[in-house]
Amino acid sequence: SQQGEEDPQALSIQEGENATMNCSYKTSINNLQWYRQNSGRGLVHLILIRSNEREKHSGRLRVTLDTSKKSSSLLITASRAADTASYFCAVLSGGTSYGKLTFGQGTILTVHP
Amino acid sequence: EPEVTQTPSHQVTQMGQEVILRCVPISNHLYFYWYRQILGQKVEFLVSFYNNEISEKSEIFDDQFSVERPDGSNFTLKIRSTKLEDSAMYFCASKVADTQYFGPGTRLTVL
């Protein structure tokens, strides 16, 4: 089954606007994490939200989780050109402590100066 | 701030050759992972490693792949006989608590 599917696939906005990306998944999860990837580079961890949490903030990032709808959203407020990157959600599921992450296809965010 | 490091950043090899990708996880982490990302596709889990043994592996991680922690700091991924379809970005990650921290990746190109 597919896990962590993001939409939109691509998002283009002006600097200063907010960017919202959504993620859906199919099975029960332990937590859901968002990562950023600049073109051709590594994955940078942004934020983690546990299955018993509904909302979490970190700086300009706000993540929500709705386990009844099996969905999450990442909001970046007051976007900057430097936020241009691909954003991935990744779900941790299963009962093991070493847990593998299952990634979505990602949303390509372009912020125009 | 501690980081996961990977070497080399780019590896070019001929089909059928063996490659070893190297990673230095964050020093107090106990769980280690390899993932790969074929160009334009999702990041895919390959293998997890804990207490000097494989915890879980994916279908991709067949007999051509192996992992090792040869000393207290390095974590390696070996591909015994590379195929064209092994061309991808390979990411190492290490974990403390729930968060996996990823290295910058090794781009493997198989010709």
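Look a little higher up for the structure.
Residues numbered from 1 in each chain as written. Chains lettered and ligands numbered in written order. Predicted model: local features only at pLDDT ≥ 70, side-chain atom pairs only at ≥ 80, totals over all residues. Heavy atoms only, no water.

### Here's the deal with unusual backbone geometry
In most cases, non-glycine residues show a negative phi, while peptide bonds are predominantly trans.
Residue and element names in this part refer to chain B.
Now for step 1: Cis geometry marks the peptide bond from Thr-7 to Pro-8; its omega dihedral reads -10 degrees.
Now for step 2: In this structure, Pro-8 sits in the loop between strand E1 (5-7) and strand E2 (10-13).
Now for step 3: Positioned with a positive phi, Asn-51 is a non-glycine residue whose angle comes to about 55 degrees.
Now for step 4: Inspection of the secondary structure puts Asn-51 in the loop between strand E5 (43-50) and strand E6 (53-57).
Now for step 5: Positioned with a positive phi, Asn-52 is a non-glycine residue whose angle comes to about 65 degrees. (Helix = DSSP H or I, 4+ residues; strand = E, 2+ residues; numbered from the N terminus.)

### Let's talk about the packing of aromatic side chains
Now for step 1: Within this structure, the stated rule accounts for 14 aromatic pairs over all chains.
Now for step 2: Clustering of aromatic rings is evident, with ring pairs tying together Tyr35(A), Phe88(A), Phe103(A), Tyr33(B), Tyr35(B), Phe45(B), Phe91(B) and Phe102(B).
Now for step 3: Its end group placed over the ring of Tyr31(B), Lys95(B) keeps NZ or CZ at 4.4 Å from the ring centre. (Phe/Tyr/Trp six-rings, centres within 6.5 Å; stacked < 30°, edge-to-face > 60°. Lys NZ or Arg CZ within 6 Å of the ring centre and 35° of its normal.)

By themselves these figures say nothing about function.
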